[in-house]
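Listed below are the residues making up each chain.
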Amino acid sequence: MVDVVHDAVGVDDVPAAEVEDVELYHAKSWITKYVFSQDAKVIAIQYSVTATSIGLVALVLSWLMRLQLGFPDTFSFITPQDYYQFITMHGMIMVIYLLTALFLGGFGNYLIPLMVGARDMVFPYVNMLSYWIYLLAVLVLVASYFVPGGPTGAGWTLYPPQSILSGTPGREWGIILMLGSLALFIVGFTMGGLNYVVTVLQARTRGMTLMRLPLTVWGIFVATILALLAFPALFVGAIMLLLDRVLGTSFFMPSIVELGEHLKYGGGSPILFQHLFWFFGHPEVYIVALPAFGIVSDLISTHARKNIFGYRMMVWAIVIIGGLSFVVWAHHMYVSGMNPYFGFFFATTTLIIAVPTALKVYNWVLTLWRGDIHLTIPMLFALGFIVTFVNGGITGLFLGNVVVDVPLSDTMFVVAHFHMVMGVAPILVVFGAIYHWYPLMSGRMLNEGLGRFHFWVTFLGAYLIYFPMHYLGFLGVPRRYFELGDADIYSQSAASLNAFISLAAFAVGFAQIVFIFNLIWSLRHGRPAERNPWRANSLEWQTAEMPPGHGNFGKELPVVYRWPYDYSVPGADQDFIPQNQPAGTPGARAAKA
Amino acid sequence: MNFFRQLAEKPWLPEPVWAQALREAGAPARQAAPRVALSFFIGVASILFFMLVTAYVGRMAFEDWRPAPQTGLLRQNTVMLVFASIAMQWARFSARRGQMDGVKLGMLAGGAFAAAFIMGQVLAWRQLATMTFFDATNPAIAFFYLITGLHVIHLIGGLVAWLLVQDKIWRGAEIAELRQGVALCTRYWHFLLIVWLVLFWLLFSGNDNLGILLALCGIR
């Protein structure tokens, strides 16, 4: 039991009040402290380490794919079946098991309680269960490498009927484990997601109104709501497909002849799966993007020493983007043969979503304008994100139009587009966020030189990979192909560009290894971080100790007096005023004016 | 302060707007957390069943749709679930009035009727499986098993929460400690009843109702 007393003596605006005690679970052994821990910070690190580990597997898979694409007929150990398995596992791992888990399970767990001024998540036990179910989901997914036939090679969208028919790699066990793993992931996420949402709504400290929340929390909060509403569609789709594969039902399987044999399936609708998948799949883009939007807003404001431009607009834009993301899903299905009027509707909604998104980009740029920009490593990554997101977003406008999408749909253009907007852009934010909050988590700074090397190789390398890939798409180079063969329709430059892209991909991959090394090396050898090294305002930097201890805020919970963006306030003693600094105190002289 | 008013706040403005916001923000309301969590969970489960109903409707619009054979047990099961909800509501009223006996009886009856509903559903599944028209590739039959199965799983989850409240009752907890648990269980029971009534009326009572709806919308 922790005594929680809001001591506001000497502060005019906040009457002294005693808040009921908060029951905190105190670990009694090493196992309950570090393994089956109920502390959100430990759970966050568990999520992050697991997600990064499985993400490294996906990175290696991408190297193997690039080996094949860049240098076909060279590596005999990569068969067409392997290639499809690489594609499938790379895509699914990166989107679900890395990005979703890292943004919500990792950053969500670490930052929400600290930023809203809570001691922990509201349901710590359920939070712990959430991680362990996530880990189980990852292990089930990895297990598919060790079963007959290997993992599924159905493509990350797992479209039936192909995904469960003979000839598709992993048809025996791989697809079953993949679907089971997804179902587990969703159950685990729902437990965590309920925690994040309820903590934001119910456990904010006194004075922390919704409109004083850092945008990071807003991004994670709305993304979690999206995920809670979107994942049931994937759950339903996965269970139905699993039943089709295991019990022979025909939810998605039409009457079909396979190798001359009429299968017992009949009457199912493959398009129905696509609708369910993309009803989840498109919000998933924003489940990843919204936390990135929020985090990047905080990084830019802190490292440009300027209040975020248009805070209220930014919040509303996050909410509106979240809402609109549920009515654009069929723009992934223009070539599925659906009614053309549907296509028109979804093209319109897709273009509309560009409005609040562009608004955010303008606001980031306007925040930078005449700011005191510090080109720290988090700031470099944040700037890299803005540029990359704009590039990826603009090609999204191309693909959102039916007539442009149809010829480009099955080409490398699409691969380049979604890697820019959903792969590179959010991962740049992840890196920026890690450089920003690593001192808080570990008490040490990451190595600056290695960090700059990591940024420049990753940022420039990503462009060397994906800009040429757009061109390949224009040339008509198809995606999903194991090799182009001797097709005359592609110029020789397509093959040499593919080799070039592969070399760039290896360089970028190497930079990630350097980053991992930096993470581990700096834990012991990094420069000790001073308190609040970025001179930030939000509450996570105002804890009693750094790294924050169990219960986050020592004996007293902080009281919040202002929004988190009071940077460079004219007349103030310092260029930042923490959220828990009362008006009228020496550091916040200007706020009273 | 309602949600939208909060979103209209201007946090960058100086006092006195700030001071007022501070006063109104109040203290953390942790006791409300389980209620909010249940509301969100009900939202998630609603989407799940909505997706299933949509998928069912989408499939039903096809020409080759074959309705599932009927089992009479479903009507009796429906009655069981209605009784379960009534009993839980009784427990909730009793908790409000401070009548411990009513709480005990209502909770016990609510759990028992829910268990009877689950057993009834299992019998209905077995009955359907033995029918001549049973065919796993008939989407109507597969949907029936899937949707009713997921509904039963949700009810079993509710029974776990119910057991936790029962455990408190057996340990002799005061009525004030039970009030929230009973209220949340009751709310969840009502939710599952409403879901079941929609599913039963729309999907599993002969398809006439849904067929008429689809015809009205010009889908079928």
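Quantities reported herein were computed from a predicted structural model and do not represent experimental measurements.

K.L.:
For this particular structure, what's the right way to read the nonpolar core?
P.N.:
Nonpolar side chains in soluble globular proteins tend to be buried together. Membership of the largest hydrophobic core comes to 240 residues, with the highest contact counts inside it found for A:V217, A:A223, A:V236, A:V296 and A:F381. Each of domain 1 (36–213) and domain 2 (535–593) of chain A contributes no fewer than three residues to this core. Those residues in contact with A:V236 that sit more than four places away from it in its chain are A:L276, B:L48, B:M51, B:L52 and B:A55.

K.L.:
Teacher, can you tell me more about helix α5 (residues 174–202) of chain A here?
P.N.:
Between the first and last C-alpha of α5(A) there are 42 Å, a value that for 29 residues agrees with the 42 Å anticipated at 1.5 Å per step. Of all 29 residues in α5(A), 27 are buried, a share of seventy percent or more.

K.L.:
Would you explain the interface of chain A and chain B in this entry?
P.N.:
Accessible area lost upon the coming together of the parts is a frequently used measure of interface size. Each partner contributes residues to the interface: chain A has 53 residues there, and chain B has 37 residues. Grouping the amino acids of the side of chain A that touches chain B by side-chain chemistry returns 34 nonpolar, 13 polar and six charged.

K.L.:
What am I meant to see in the environment of A:A292 here?
P.N.:
Residues and elements named next belong to chain A. Considering the arrangement of structural elements, one finds A292 in helix α7 (residues 270–303). The class of A292 is buried, set by 28 C-beta atoms lying within 10 Å. Taking the C-alpha atoms as reference points, A292 and V430, 138 residues apart in sequence, are found 7.4 Å from one another. Dropping the residues within four chain positions of it, A292 is found in contact with F385, A425, P426 and V429.

K.L.:
Can you help me understand unusual backbone geometry in this one?
P.N.:
The phi torsion of most residues other than glycine is negative, and most of the peptide bonds are trans. Residues and elements named next belong to chain A. P160 connects to P161 through a cis peptide bond whose omega is 5°. Position of P161 relative to the elements: it lies in the loop between α4 (124–143) and α5. Between M546 and the following residue, P547, the backbone shows a cis peptide bond with an omega angle of 0°. Structurally, P547 is set in the loop between α14 (492–525) and α15 (589–592). The backbone of D73 sits at a positive phi, close to 65°, despite the residue not being glycine.

K.L.:
Can you help me understand the domain arrangement of chain A in this one?
P.N.:
All names here are of chain A. In terms of domain boundaries, chain A breaks down into domain 1 (36–213) and domain 2 (535–593). Here the C-alpha centre of domain 2 lies 35 Å away from the C-alpha centre of domain 1. With 13 residues of domain 1 in contact, the opposing surface of domain 2 contributes 17 residues. Broken down by element, the residue count for the side of domain 1 that touches domain 2 peaks at four residues, all from helix α3 (residues 80–116). Classifying every residue of the side of domain 1 that touches domain 2 gives five nonpolar, three polar and five charged.

What counts as what
- Residues numbered from 1 in each chain as written.
- Chains lettered and ligands numbered in written order.
- Predicted model: local features only at pLDDT ≥ 70, side-chain atom pairs only at ≥ 80, totals over all residues.
- Core = buried A, V, L, I, M, F, W, Y, C linked by C-beta atoms within 7 Å.
- Buried ≥ 20, exposed ≤ 12 C-beta atoms within 10 Å, placed from the backbone.
- Domains from an automatic or database assignment.
- Contact = placed C-beta atoms within 7 Å.
- Helix = DSSP H or I, 4+ residues; strand = E, 2+ residues; numbered from the N terminus.
- Expected span 1.5 Å × (residues − 1).
- Nonpolar A, V, L, I, M, F, W, Y, C, P; charged D, E, K, R; others polar.

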